[in-house]
Amino acid sequence: MSDFDHLTGRQLAAARVLLGIGQVELASRSNVSAPTLRRMEASEGAVEGMRNNVASVIAVLQAAGVTFLDGNYSGSGGPGVRLKQPADASIDVKERETIQYREFYENDAPPGAGG
């Protein structure tokens, strides 16, 4: 999401929490004051603040691996955030942990049995 006019304060806060960093740390990395960041995150609707400050915070979050979702994507729900994932990574990287009933996953039918 390159145009951040529709980015919400809640998205900024969610992105920060998703990364596991505090407001003071993010403010420091972004070269804005902690009270400025608090005001941005507390914004109802679109993030309020000087464009250069908002852009700086967004750039730091994106560089740390956050992707902002504007709600106009194939999933359900509205605006949100997620962490980037390598393009070649599988969704089920830990297959043994994601398959609940392995006996139904394995194909035990003889070849040509149809189905």
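Heads up: the structure comes first, above all this text.
Residues numbered from 1 in each chain as written. Predicted model: local features only at pLDDT ≥ 70, side-chain atom pairs only at ≥ 80, totals over all residues. Heavy atoms only, no water.

Secondary structure assignment for the protein chain yields six helices and two strands. Ordering the α and β elements of the protein chain from the N terminus gives α-α-α-α-β-β-α-α. A burial count over the protein chain gives 29% of its 115 residues as buried. Counting only contacts in the protein chain whose residues sit at least 6 apart along the sequence, the fraction spanning at least 24 positions is 53%. (Helix = DSSP H or I, 4+ residues; strand = E, 2+ residues; numbered from the N terminus. Buried < 20%, exposed > 50% of the residue type's maximum accessible area, 1.4 Å probe, protein only. Contact = heavy atoms within 4.5 Å.)

Let's shift gears to the nonpolar core. Core analysis: the biggest nonpolar cluster contains 18 residues, and Leu12, Leu26, Leu37, Met40, Val57, Leu61 and Phe68 have the highest contact counts within it. Of all the secondary-structure elements, those providing two or more residues to this core are α1 (9-19), α2 (23-30), α3 (34-41), α4 (51-63) and β1 (66-69). The element contributing the most residues to this core is α4, with five residues. In contact with Val57, not counting residues within four places along its chain, are Leu12, Leu26, Ser30, Val32, Leu37 and Met40. (Core = buried A, V, L, I, M, F, W, Y, C linked by side-chain atoms within 4.5 Å.)

Trans peptide bonds make up most of the peptide bonds, and negative phi angles are found at most residues other than glycine. Even without being a glycine, Asn31 presents a positive backbone phi close to 60°. Along the chain, the position of Asn31 falls in the loop between α2 and α3.

Mapped onto the elements of the fold, Thr36 is located in helix α3. For the pair Thr36 and Val54, spaced 18 residues apart in sequence, the C-alpha to C-alpha distance is 9.6 Å.

Contact geometry for α2 and α3: axes closest at 8 Å, N-to-C directions at 110°. If you check the angle between α2 and α3, you find them roughly perpendicular. Of the residues in α3, those touching α2 at Gln23, Val24, Leu26 and Ala27 are Ala34, Leu37, Arg38 and Glu41. Looking at the contact of α2 with α3 residue by residue, the class counts come to five nonpolar, one polar and two charged. (Axes fitted to C-alpha atoms, helices over the stretch in contact; angles between N-to-C directions. Parallel < 35°, antiparallel > 145°, perpendicular 65-115°, else oblique. Nonpolar A, V, L, I, M, F, W, Y, C, P; charged D, E, K, R; others polar.)

The α-helix advances 3.6 residues per turn, and as a result positions three or four apart in sequence lie on the same side. When we look at burial in α2, the residues that qualify are Leu26, Ala27 and Ser30. Taken around the axis of α2, the buried residues stretch over an arc of 100°, which confines them to a single face. Facing away from the buried surface of α2 by more than 90 degrees, the exposed residues are Val24 and Ser28. Of the surrounding secondary structure, the elements contacted by the buried residues of α2 are α1, α3 and α4. (Arc of directions from axis to C-beta.)

Taken by themselves, the reported measurements are silent on function.
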